[in-house]
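Chain by chain, the residues:
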Amino acid sequence: KTGIVIEVNENNAFSNALGKEILKQLINIYYKKEDNIIVYSSKKKEITETASPAVTVFVGSRENEEDVNWIVNNVDKIGKMIAEGIKEYFKLKKC
């Protein structure tokens with residue numbers, strides 16, 4: 001398996017919106033444009049048992065050599081794009 005996977009709370013519109021913003025930013029730098037998804041989850045307590053918008057972000061698979069190389073070579077960009085997605089969600093001026 002490869003790709004960016006973002007888990008969101010299926011019952012929380014804020015979680016969904018945050019996940020979409022982060023995915024939108026990460027797709028800009030990910031080497032493959034397909035295989036990137038949002039997973040609607042209602043099982044993880046970290047996501048479902050909070051009033052805040054919560055997501056889990058997976059940026060590739062450690063079992064896929066291309067993903068591992070992409071992650072190692074783009075750590076700063078990945079962090080910046082996740083921060084940019086959060087910034088856009090909260091409509092902040094800068095990170």
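Trainee: Even after reading the chapter, I still don't get unusual backbone geometry, so can you show me in this structure?
Mentor: Most peptide bonds are trans, and most residues other than glycine sit at a negative phi. Of note, Lys-91 is a non-glycine position whose phi angle comes to about 55°, a positive value. Relative to the elements of secondary structure, Lys-91 occurs in the segment after α4 (75–90).

Trainee: In this structure, what is going on with the confidence of the model for the protein? I would like to understand it.
Mentor: When pLDDT is averaged across the protein, the result is 90; 98% of the residues are at 70 or more. The weakest mean pLDDT in the protein belongs to strand β2 (residues 37–41) at 81; the strongest belongs to α4 at 97.

Trainee: How should the environment of Tyr-30 be read in this particular structure?
Mentor: Residue placement: Tyr-30 occurs in the loop between α1 (13–27) and β2. Apart from residues no more than four positions distant in its own chain, Tyr-30 is found in contact with Thr-2, Gly-3, Ile-4, Asn-36, Asp-67 and Trp-70.

Trainee: Honestly, the side chain of Asn-9 in this entry has me stumped. Any pointers?
Mentor: Checked against the element boundaries, Asn-9 lands in strand β1 (residues 4–9). Residue Asn-9 is classed as buried on the basis of its relative accessible area, which comes to 5%. In this structure, Asn-9 is in contact with Ser-15, Asn-16, Ser-41, Ile-47, Thr-48 and Ala-54, ignoring residues within four places of it in sequence.

Trainee: When you look at the nonpolar core in this model, what are you seeing that I'm missing?
Mentor: Soluble globular proteins: nonpolar side chains tend toward being buried together. Counting residues in hydrophobic clusters, the biggest one holds 14 residues, and the most contacted among them are Ile-4, Ile-6 and Leu-26. When residues in this core are grouped by element, the largest group, four residues, is from α1. If we ignore the near neighbours within four places in the chain, the residues touching Leu-26 are Ile-4, Val-57, Val-59, Ile-78, Met-81 and Ile-82.

Trainee: Can you help me understand the packing of aromatic side chains in this one?
Mentor: Each pair of aromatic rings is reported with the distance of its centres and the angle of its planes. All chains considered together, the criterion is met by four aromatic pairs. Judged by centre distance (4.7 Å) and plane angle (50°), the ring pair of Tyr-30 and Tyr-31 falls under tilted. Owing to a relative accessible area of 32%, Tyr-31 belongs among the partly exposed residues under this scheme. Ring geometry for Tyr-31 versus Trp-70: centroids 6.5 Å apart, planes at 50°, classification tilted. Separated by 39 residues along the polypeptide, Tyr-31 in the loop between α1 and β2 and Trp-70 in helix α3 (residues 65–73) bring together distant segments of the chain. For Trp-70, a relative accessible area of 7% puts it in the buried group. Grouping aromatic residues by their ring pairs yields a cluster made of Tyr-30, Tyr-31 and Trp-70.

Definitions and cut-offs
Residues numbered from 1 in each chain as written. Predicted model: local features only at pLDDT ≥ 70, side-chain atom pairs only at ≥ 80, totals over all residues. Heavy atoms only, no water. Helix = DSSP H or I, 4+ residues; strand = E, 2+ residues; numbered from the N terminus. pLDDT = per-residue confidence, 0-100. Contact = heavy atoms within 4.5 Å. Buried < 20%, exposed > 50% of the residue type's maximum accessible area, 1.4 Å probe, protein only. Core = buried A, V, L, I, M, F, W, Y, C linked by side-chain atoms within 4.5 Å. Phe/Tyr/Trp six-rings, centres within 6.5 Å; stacked < 30°, edge-to-face > 60°.

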